[in-house]
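Listed below are the residues making up each chain.
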Amino acid sequence: MPLSSNIITICSTARLVRGIALQHQQRQLETGAIQWQANEVYTLQQWLDVVMEQAALLGLIPADALPVLTLSAITETYLWEQSIETCLARHEAAALFDIRAMARSAIEANNLMLNWAISEADINQPFITQETRQFLRWRHTFEALCAQQNAIEAARLTALQIALIEQYQMQLSAELTLPAHIKLAGFDRITPLENRLFEVLKRSGVQVEMLAIQQAANAQVQYFSADNANAECRAAVAWARQKLAENSHSQLAIISPALGNIRRELADLLDDTLHPQTLQAAHYEAPRCYDFSLGLALTEYPIVHSALQLLRLASTKANLSFDEVTPILLDVYWGSPLELDARAQLDAHLRKNLNASYGLDALIKQANYLQSRGILLNTLLEHLALIDKFQSQSKQKQAPSAWVAVFAGLLDSIKWAEARALSSHEYQTQQAFLKCLKELGSLDAILGNISVVEAVQKVAELSNATMFQAEAKGDIHIQILGLLETPAVQLDAVWALNMNDQHWPPPVKLNPLLPAELQRIRGTPNASAAVQSQFAALVHQRLMQSAPEVVFSYALNEDDRELRPSPLLLHGQSAAPPGAVQTLAEILAQPANMQMLDDFMAPAVADDEKVRGGVKLFAAQAICPAWAFYQYRLGAGKLETPVEGLDNISRGSLLHKVLQLFWQDCENLNNLKAMNNGQRTLAIDGAIEKSIQILNKEISYPIPAQVLQIERQRLSQLMQIWLEIELARADFTVQDCEKKYEFEVEGLTIKLTIDRIDRLSDGGLVVIDYKSGAVVANKSWADERIAEPQLPIYAVLALKYEIVAAVCFAKIRTDETKFIGLTAAEGVLPAVTALEKVSKASPFYRFDDWDALLEHWYISLSNIAQEIKAGVASVTINNETDLAYCDVKPLLRLPERSLQFEKMQTVSPADEVI
């Protein structure tokens, strides 16, 4: 057989191929070479493909020896799913099976059989189990489907190519020029299938040997324990920073057997420590000095997530959840960038005015409404109309290739990925997604005609199965690797973290579809503790000699659980703590020099400024002045979280409306007493029906009939209970319901609505405020800062020219219904104590008479009004629980203020405090 003089390298991973090729290129450039012959570096599958292609061109193997189509990982999964579904079609519990998980186990079992030379004849008594019999049925069906498509899975392709080399060894030896020397790089474990190939090559005269790894002589191995995984990551990053500070040309590796668990955390720490400038959007894609071997699923990238959520929106007429709509409206990758603010306003409007879920038609209607109010959403409305049209025209099943063309057209029409110029990383990610779309187009024969929903699902699955990482740029000095990966460069130092016993050696994980004992006998991966320990020991020994300095670290705790180091870690020299690293947020939170500025004054209220909030403004100012300033003067607020049906506010408003309508008809106590039970029920039902009709006109979404029926029953029950309380009162006439007032206090114009005002027989007024919450109290009325000011405001400001005989809350709940308040004299309201009769323990005992209480209210409210007008906006609270209904609590920055307060307690006289 003719042998070439060249040497080729076969690597265990494509990443190692790229690394070795890059190292060769760098060495040539360092010698000053202008051109050179590329070294031959392949993965095993790449080299086999080259050999098969040459053999086919020379006619050394039959033209039809290899199938036309090689299945990708996700395509193979689809065929296995079809096979399993076919075999289980008549099973009584077929709908309960997790077909995707069963397919993953079947793929693993099939690969084990092919790579570890396990034939079906080997699976006999006493090994065979019911699960294995079922798997073999699936396998036969899968092979038949592959034959129909002239396709083959990757593992079987490798086995077939090796079998062809073995079968046609004589012809290949005579005609093909094989390398004289093959070096194997990164093969910690060689399967029986691979060994079979290498033996054939050796018999043909090819020298096959493991690539000699340059081992560090007298490597210094140290051990480091950390409190938890986060502390371990911080230590590893601090160590890397220290090593690069000592020698900027160092080649380092951070290695972990659980890299997927810590990838994001490690990346953030590396950026914060070594590349803090990348926090700025303009520098986000700046070259790093580190490179991860592990990419992310394509679906985790924002631009791909954008495309998928748009396709999902267009693929179904099902109602949209509000938390699905928000990311679509705030998505920067489609539509006009000039409308982003308007789309954010639309999102807030939808949350406030629609149910928790709604259709695309409701979304379009609300967008048109805001458009009519001057909020420009022209492009959005145009694109939503295109999506709505797409929904109507995409009802028929089509081949995947047809859906690919349709999807591409839709994304193009709504300007996906065209809102602005894409960055380099975004462009690479976009192209990877388009490649997934193209792959879907190649699955016509496998998937057949599918619905639009199925097509979008397949696109998402293909994207999720695609691991992607934008091409690394810059001078790489830190490689972030999995424990089984072989670095392509000679390393100066290595830090191996997460070396706890639950990660290393890897836990035993038998395949459930193959006989357990057979797996243990053949020594397949994950088959037994002995197999795992032997393999881990081999890798561990390589790792200990991979650099002159190696540090193994492990965590001592995980939450409340104590952890143990890996049994492979030997007792030895402890590594010195490499120093601490802080996240960028921690660094910025602790500036070197801080000046304390007690800035609690906002601008005073201007003469032409309209202050919103009414009674709520006074309540917020009394509890926390900053709350009032942020929410009612600046207009800050939280995004609403809609619910299905009616929220608590709507239900409370509905109760208010029922009470208003009932008393507008009933008018007074005498009329109520004159009603019999049937008449009262009829009046209540009438008020309820009118209230529901008004509610339906006010809200922008339909309320399900079942919800309204429950509300009818609830309201009827509440009204019956409450009217029994009203019947126990002294004679009264309802003077006003939901009466609106506008007046001035200390120059502030206040608008408010009083729920109800009753006039007693002696002419006095009873001011009533309905409450349906669980906690209703009036004790703050005696405080200098009145936290529940609505009734005092009504009494001393809105009705200052009237005689107010009582102020009270009407607490209306099924679990507790009563009046809560104060009266000027006894007998005005049932179970409400007159001011002159309160006990010494009452906060109202200090007031001599009713006029003194009214005077207290007037002074307190005037002081609050003066604060608002002057611009007092301090973060001052008595109890944080008083902020339960504060919409702007994050703006108060209570944790920071607590920290500042603690620091001020320890500040020295020499420190500057402004």
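A. The arrangement of the overall build of the protein chain in detail. Scanning the protein chain from terminus to terminus reveals 32 helices and 23 strands. Its C-alpha atoms give the protein chain a radius of gyration of 38 Å, clearly above 29 Å, the size a compact globule of 914 residues would have. For the C-alpha atoms alone, the extent of the protein chain along its principal axes is close to 120 × 75 × 55 Å. Long-range pairs, those at least 24 residues apart, make up 76% of the contacts in the protein chain between residues at least 6 apart in sequence. A total accessible area of about 45900 Å² is found for the protein chain, and carbon and sulfur atoms account for 52% of it. Considering the protein chain, the positive charge centre built from 77 side chains and the negative charge centre built from 106 side chains are found 3 Å apart.

B. Molecular detail of helix 2 (residues 44–57). With 14 residues, helix 2 should reach 20 Å at 1.5 Å per residue; the first-to-last C-alpha distance of 20 Å fits that figure. Here helix 2 has its buried residues at Leu-44, Trp-47, Leu-48, Val-51, Met-52 and Ala-55. Along the axis of helix 2, the buried positions cluster into a sector of 135°, meaning they face one direction only. For helix 2, the exposed residues lying more than 90 degrees away from the buried face are Glu-53 and Leu-57.

C. Structural view of a negative patch on the surface. A grouping of Asp-848, Asp-849, Asp-851 and Glu-855 is seen on the molecular surface, where their side chains present a negatively charged patch. Inspection of the secondary structure puts Asp-849 in the loop between strand 23 (817–823) and helix 30 (850–870). Taking the relative accessible area as the measure of exposure, Asp-849 reaches 39% and is therefore partly exposed.

D. Representation of the nonpolar core in the model. Membership of the largest hydrophobic core comes to 131 residues, with the highest contact counts inside it found for Phe-135, Trp-138, Phe-407, Phe-433 and Trp-663. Listed in part, the 58 residues of the second largest apolar core include Ala-620, Trp-627, Val-767 and Leu-892.

E. Up close: unusual backbone geometry. Residue Trp-504 is joined to Pro-505 through a cis peptide bond whose omega torsion reads 0°. For Pro-505, the position within the fold is in the loop between strand 15 (493–496) and helix 20 (516–522). The backbone phi angle of Asn-498 is positive, close to 65°, even though this residue is not glycine. Looking at the secondary structure, you find Asn-498 in the loop between strand 15 and helix 20. Taking the relative accessible area as the measure of exposure, Asn-498 reaches 5% and is therefore buried. Phi at Ala-831 is positive, roughly 65°, even though this residue is not glycine. Mapped onto the elements of the fold, Ala-831 is located in the loop between strand 23 and helix 30.

F. View of the pattern of salt bridges. For the structure shown, the criterion picks out 42 salt bridges. In this structure, the salt-bridge partner of Asp-815 is Arg-813, at a minimum N-O distance of 3.0 Å. Linked through salt bridges whose partners overlap, the residues forming this network are Glu-120, Arg-139, Glu-143, Glu-153 and Arg-156.

G. Region of the structure containing the environment of Leu-672. Relative to the helices and strands, Leu-672 is located in helix 26 (residues 669–674). It is 89 Å that separates the C-alpha atoms of Leu-672 and Ser-12, two residues lying 660 residues apart in sequence.

H. Representation of the sheet that holds strand 14 (residues 478–482). If you trace the six strands from one edge of the open sheet to the other, you get 7-16-15-8-14-9, paired in parallel fashion. Two strands in the sheet have a free side with no partner beyond their single neighbour: strand 7 (220–226) and strand 9 (290–292). Across the sheet, the mean angle separating the axes of adjacent strands is 20° when strand polarity is ignored. Where strand 15 lies against strand 16 (residues 549–555), four bridges are found, and the strand directions are parallel. Paired with Trp-495 across the two strands is Val-551, which belongs to strand 16. Each of strand 7, strand 8 (252–256), strand 14, strand 15 and strand 16 touches helix 9 (residues 229–246); the most contacted strand, strand 8, lies at about 170° to it. Strands in contact with helix 21 (residues 529–544) are strand 7, strand 8, strand 15 and strand 16; relative to strand 16, the strand with the most contacts, it is inclined by about 130°.

Procedures and definitions
Residues numbered from 1 in each chain as written. Predicted model: local features only at pLDDT ≥ 70, side-chain atom pairs only at ≥ 80, totals over all residues. Heavy atoms only, no water. Helix = DSSP H or I, 4+ residues; strand = E, 2+ residues; numbered from the N terminus. Rg over C-alpha atoms; globule rule 2.2 N^0.38 Å. Contact = heavy atoms within 4.5 Å. Areas by Shrake-Rupley, 256 points an atom, 1.4 Å probe, with all protein chains shown as cover. Lys, Arg positive; Asp, Glu negative; His and termini not counted. Charge placed at Lys NZ, Arg CZ, Asp CG, Glu CD. Expected span 1.5 Å × (residues − 1). Buried < 20%, exposed > 50% of the residue type's maximum accessible area, 1.4 Å probe, protein only. Arc of directions from axis to C-beta. Patch = residues over 30% accessible without salt bridge, like charges linked within 9 Å, V, L, I, M, F, W, Y side chains within 5 Å. Salt bridge = Lys/Arg side-chain N within 4 Å of Asp/Glu carboxyl O. Core = buried A, V, L, I, M, F, W, Y, C linked by side-chain atoms within 4.5 Å. Pairing = 2+ DSSP bridges. Axes fitted to C-alpha atoms, helices over the stretch in contact; angles between N-to-C directions.

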